[in-house]
Amino acid sequence: MSGLGEVVFSIVGANKTGKTAFVKKFYDDTFTEEYVSSRASQKHTKTLQTNTGFQFNLSFWDTPGEDDPTTQFVVTSNSRGIICAVDSTKILSNDNSDYNQGVRKVELIKERRGNVPSILLATKEDLLSEDQKHQVNESIQKFVADSDGLFINGFLCSAKEGTGLQQAIIYLLQHIN
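Residues numbered from 1 in each chain as written. Predicted model: local features only at pLDDT ≥ 70, side-chain atom pairs only at ≥ 80, totals over all residues. Heavy atoms only, no water.

Chemist: What is the right way to read the overall build of the protein chain from this model?
Modeler: The number of helices and strands found in the protein chain is six helices and six strands. Sequence-ordered secondary structure for the protein chain, helices as α and strands as β, is β-α-β-β-α-β-α-α-β-α-β-α. Counting only residues that meet the buried cut, the protein chain has 47% of its 177 residues in that class. Nonlocal contacts in the protein chain, meaning residues at least 24 apart in sequence, comprise 71% of its contacts between residues at least 6 apart. As displayed, the protein chain has an accessible area near 8800 Å², and 45% of this comes from carbon and sulfur atoms. (Helix = DSSP H or I, 4+ residues; strand = E, 2+ residues; numbered from the N terminus. Buried < 20%, exposed > 50% of the residue type's maximum accessible area, 1.4 Å probe, protein only. Contact = heavy atoms within 4.5 Å. Areas by Shrake-Rupley, 256 points an atom, 1.4 Å probe, with all protein chains shown as cover.)

Encoded structure:
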């Protein structure tokens, strides 16, 4: 990882998919039950150190859920990876609106930015039973397999409990150019 300096990822998705909760949990190790809608894109940066002692800055563009492709392109133009958040409880109810909106955003970014790696992140794992977690995990892996390379992997996570976040970030870091 030598020479990375700053790595910038963007997190995109529909409203109420847990994008900001994901970012706050990673950067501040905090979680709040109260929903606060993101009105504008915000950049968060944290200095990390690898197990070999190399330090670099990892930044996230936390984008609002509203469809504003021009603004999202501006803030995501230097992204080296994309995280597309979807609400896992909607996947269970066969409501693919979050997934469809996220796909549109990722496709637009890749159309303008090039083929940066992107992952699918099914949020709110803490609201699922063990059987439901298995169902959602199967669904996101099917979404990834059927995405024609749009997504390189999918993860189930909970910002509340902090599960799956590091795994997803490490995976994406391992696949950046």
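Let's pick the thread back up.
Chemist: Explain the pattern of salt bridges here, please?
Modeler: Think of it this way: side chains of opposite charge can pair up when their charged atoms draw near. The final tally for this structure, using the stated rule, is four salt bridges. The partner of Lys133 in a salt bridge is Glu130, and the shortest N-O contact between them spans 3.2 Å. Placement of both Lys133 and Glu130 in helix α5 (residues 130–145) is noted, with a separation of three residues, approximately one turn of the helix. The exposure class assigned to Lys133 is buried, which follows from its relative accessible area of 17%. (Salt bridge = Lys/Arg side-chain N within 4 Å of Asp/Glu carboxyl O.)

Chemist: Can you help me understand the side chain of Ser10 in this one?
Modeler: Within the element layout of this structure, Ser10 appears in strand β1 (residues 6–13). Residue Ser10 is classed as buried on the basis of its relative accessible area, which comes to 0%. Here Ser79 takes part through its side chain, which lies 2.3 Å from a polar atom of the side chain of Ser10. (Polar contact = N/O pair within 3.5 Å; in protein donor to acceptor, adjacent residues only side chain to side chain.)

Chemist: I keep staring at unusual backbone geometry and nothing clicks. Help me out?
Modeler: Most peptide bonds adopt trans geometry, and most residues besides glycine take a negative phi value. Even without a glycine there, the phi angle at Asn94 is positive, about 60 degrees. Tracing the backbone shows Asn94 in the loop between α3 (88–92) and α4 (97–113).

Chemist: What is the right way to read the confidence of the model for the protein chain from this model?
Modeler: As a general rule, the predicted coordinates of low-pLDDT regions are not to be interpreted in detail. Here the protein chain shows a mean pLDDT of 81. Residues at 70 or above account for 85%. Looking across the protein chain, the model is least confident in helix α2 (residues 69–76), with a mean pLDDT of 55, and most confident in strand β6 (residues 153–156), with 95. (pLDDT = per-residue confidence, 0-100.)

Chemist: Would you mind going over the environment of Phe22 with me for this structure?
Modeler: Its place among the elements puts Phe22 in helix α1 (residues 19–28). Here Phe22 falls in the buried class, since its relative accessible area comes to 1%. Placed 135 residues apart in sequence, Phe22 and Cys157 show a C-alpha to C-alpha distance of 8.7 Å. Sequence-distant contacts of Phe22, defined by excluding residues within four places in its chain, comprise Ile11, Phe60, Ile83, Leu121, Ala159, Leu165 and Ile169.

Chemist: Explain the pairing of strand β5 (residues 118–123) to me, please; I cannot follow it from the model alone.
Modeler: A regular strand places its side chains on the two faces of the sheet in alternate fashion. Of all six residues in β5, six are buried, a share of seventy percent or more. Taking every second residue as pointing to the same face, both faces of β5 are buried, with Ser118, Leu120 and Ala122 on one and Ile119, Leu121 and Thr123 on the other. Note that strand β4 (residues 81–87) and β5 share six bridges and pair parallel. Note on β5: the bridge partner recorded for Ala85 is Leu121. Of the strand pairs in this sheet, β5 and β6 are connected by four bridges, and their pairing is parallel. Across the sheet, the residue bridging to Leu120 is Gly154, located in β6. Note that the unit made of β5, α5 and β6 has a crossover that is right-handed. (Pairing = 2+ DSSP bridges. Right-handed = clockwise from strand over helix to strand, strands pointing away.)

Chemist: Which parts of the structure should I look at to understand the nonpolar core?
Modeler: Side chains of nonpolar character tend, in soluble globular proteins, to be buried together. In terms of nonpolar packing, the biggest core is built from 22 residues, with Phe9, Phe22, Leu58, Phe60, Ile83, Ile169 and Leu173 touching the most fellow members. Of all elements in the fold, only β1, α1, β3 (55–62), β4, β5 and α6 (165–174) reach the threshold of two or more residues within this core. Here this core takes five residues from α6, the largest share from any one element. Within the second largest apolar cluster, 20 residues are counted, among which are Cys84, Val103, Ile109 and Leu156. (Core = buried A, V, L, I, M, F, W, Y, C linked by side-chain atoms within 4.5 Å.)

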